[in-house]
Amino acid sequence: MFRTFIAGILLGLAVAGAALYYVPAVDQFREHSLIVVQPNGGNSESFHINVPTDRILIGAPAQQNPLPTDLDWPSDEQFANLRSELFKIRNSKDAVVGLGSRLAASHPDSGDIIEWVLHLPARGSVYIAMRTNPSDTGQRIGEMLSGTREFAALRGPVSERWVANTSDSEDASSGRINLLTAFVSTKFEVEEVVE
Amino acid sequence: MKYLLSLVVGMLAGVAIFFAFLYYNPLTTRNTLSPLSVTDNDLISLNYSAVAADSLLYTNDGESQIAPHPAKVLQLWEPSIRNTRAMATVLFDSRSQRVGIGIKFSSDSERTSILNGKMIVDSVWHIYLPGRGSLFVEQSENYWRYLRDIVIPAHWNSGNNWRGIWNGNITDGPGALGTAKVIGGSGNFLGLETEGVESLAAKAYTVEAGPVAMSGELVIELPRPDTAIASDL
């Protein structure tokens, strides 16, 4: 019986080790990436935000309608020209795939900025700096400054556009923010130049 | 029958021995000394309260131990973001002056390996410091020591809480020395590429609400201009 007990201990050690090795502790849910491959080897992907349903935060001093409604945003003078927003990000099939932060600020020393960080948990994050002046069509162009994991080796432009909803339905959102990325691998670019 | 019972008891003992080895494994104890503590370069220290109720906004799936704040914030219940937290907080300098706003996204990582003492969270910071510029911080954090030294003892405690003094670096990469990657986006930080380390200082934790007295510090190294020129040469 003692030998059986010892065998049980060894079996328990093996089972616990195997379980921790083979069973993933974290299994992130993945929506299918809806990427369009471009002739130049890059890829484009579109995301959007339904406003106001996907908006998590509007942080700005003297905001008449803060979000969440019980938000206590600092009223310091140094934050007077800063507007912070958090959103849920959707793919082109309208499924939520991540989160995004948008900071818009102006300061005489550090200048005007409009920046995005897109965080897609199963894929990585993207840091984007937009031009502060939109084009005549209302589109704003920006550039990816950095990326993590899946986006680490990618660079390229990003466009932002506000599209107002023209539907008469009472349940319709007021509009959407469209984000279109067009990334090319930096490795690919280097190889192209060498060739 | 008694052999089967003996086998089952032996297996339970084996599983218990395995987890005890994982818990007390000295090889997973990491040095708490920050890699930036020996640098000659200037450092930016950004401090914040790591208690959700002290932040401007904290949200998660709404079913986790830490309650979202404020109460009416939109929760992250969709499958793709269920293992993700978002926080917006005021950042303070080392003299406790308000210097900026930071937004942090944290997601449980599939690189988590309990066997190797790694409870990995992939996180990014989006930071704006008025008058100085904006920063993007990318890091993977390891919460194994935090779990082992605070969370598990709190569950063992008859009062379901932990009190003490705990300091630890949570940044585990992507830098080779366990540092975060920091990118400057605008202002004085435009074009900056450097490293950072985030640490936590905990004093109290409850099983019911999570951390109740805990602060975080994000230290960012500012390379000297002459260093950058020398590396270009």
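Heads up: the structure comes first, above all this text.
Residues numbered from 1 in each chain as written. Chains lettered and ligands numbered in written order. Predicted model: local features only at pLDDT ≥ 70, side-chain atom pairs only at ≥ 80, totals over all residues. Heavy atoms only, no water.

## Details of the overall build of chain A
Helix and strand content of chain A: two helices and eleven strands. In sequence order, chain A lays out its α and β elements as α-β-β-β-β-β-β-β-β-β-β-β-α. Computed over the C-alpha atoms, the radius of gyration of chain A is 23 Å, more than 25% above the 16 Å expected from 2.2 N^0.38 for a compact globule of 195 residues. Dimensions of chain A, computed from C-alpha atoms along their principal axes, come out at roughly 80 × 55 × 45 Å. The proportion of buried residues among the 195 residues of chain A is 44%. For chain A, restricting intrachain contacts to residue pairs at least 6 apart in sequence, the fraction spanning at least 24 positions comes to 44%. In the form shown here, chain A has an accessible surface area of approximately 10,300 Å², with 53% of it arising from carbon and sulfur atoms. Computing the positive centroid from 16 side-chain charges and the negative centroid from 24, chain A places the two 7 Å apart. (Helix = DSSP H or I, 4+ residues; strand = E, 2+ residues; numbered from the N terminus. Rg over C-alpha atoms; globule rule 2.2 N^0.38 Å. Buried < 20%, exposed > 50% of the residue type's maximum accessible area, 1.4 Å probe, protein only. Contact = heavy atoms within 4.5 Å. Areas by Shrake-Rupley, 256 points an atom, 1.4 Å probe, with all protein chains shown as cover. Lys, Arg positive; Asp, Glu negative; His and termini not counted. Charge placed at Lys NZ, Arg CZ, Asp CG, Glu CD.)

## Structural notes on the nonpolar core
Nonpolar side chains in soluble globular proteins tend to be buried together. Grouped together as the largest cluster of nonpolar side chains are 31 residues, with contacts concentrated most on Leu-46, Trp-125, Ile-127, Val-137, Tyr-146, Leu-200 and Ile-220 of chain B. When residues of this core are assigned to their parent elements, the largest contribution, four residues, is made by helix α2 (residues 144–156) of chain B. With 29 residues, the next largest nonpolar core counts Val-117 of chain A together with Val-90, Ile-103 and Ile-183 of chain B among its residues. (Core = buried A, V, L, I, M, F, W, Y, C linked by side-chain atoms within 4.5 Å.)

## A few points about helix α1 (residues 2–24) of chain B
With 23 residues, α1 of chain B extends 32 Å from end C-alpha to end C-alpha; this agrees with the ideal 33 Å at 1.5 Å per step. Along α1 of chain B, the residues that are buried comprise Ser-6, Gly-10, Gly-14, Phe-18, Leu-22 and Tyr-23 of chain B. Here the buried face of α1 of chain B lies against α1 (2–22) of chain A together with α2 of chain B. (Expected span 1.5 Å × (residues − 1).)

## Quick word on the interface of chain A and chain B
Every contact between the two is made by 64 residues of chain A and, on the other side, 67 residues of chain B. Taking both partners together, chain A and chain B bury about 5,500 Å²; carbon and sulfur atoms supply 71% of that area. Along the contact surface separating chain A from chain B lie four salt bridges. Linking Asp-76 of chain A and Arg-98 of chain B is a salt bridge whose minimum nitrogen-to-oxygen distance equals 3.0 Å. Taken together, the links from chain A to chain B amount to 20 residue pairs in polar contact (both at pLDDT 80 or more). Elements with a minimum of two residues in the side of chain A that touches chain B: α1, β3 (55–59), β4 (82–90), β5 (96–107), β6 (111–120), β7 (124–130) and β8 (139–147) of chain A. Broken down by element, the side of chain A that touches chain B gets its largest block of residues, 13 residues, from α1 of chain A. (Buried area = accessible area lost by both parts, 1.4 Å probe. Salt bridge = Lys/Arg side-chain N within 4 Å of Asp/Glu carboxyl O. Polar contact = N/O pair within 3.5 Å; in protein donor to acceptor, adjacent residues only side chain to side chain.)

## Points about unusual backbone geometry
In this model, Leu-67 of chain A is joined to Pro-68 of chain A through a cis peptide bond whose omega is -5°. Relative to the assigned elements, Pro-68 of chain A resides in the loop between β3 and β4. In this structure, Ser-96 of chain B is a non-glycine residue whose phi angle is positive, near 65°. Tracing the backbone shows Ser-96 of chain B in the loop between β3 (84–92) and β4 (98–108).

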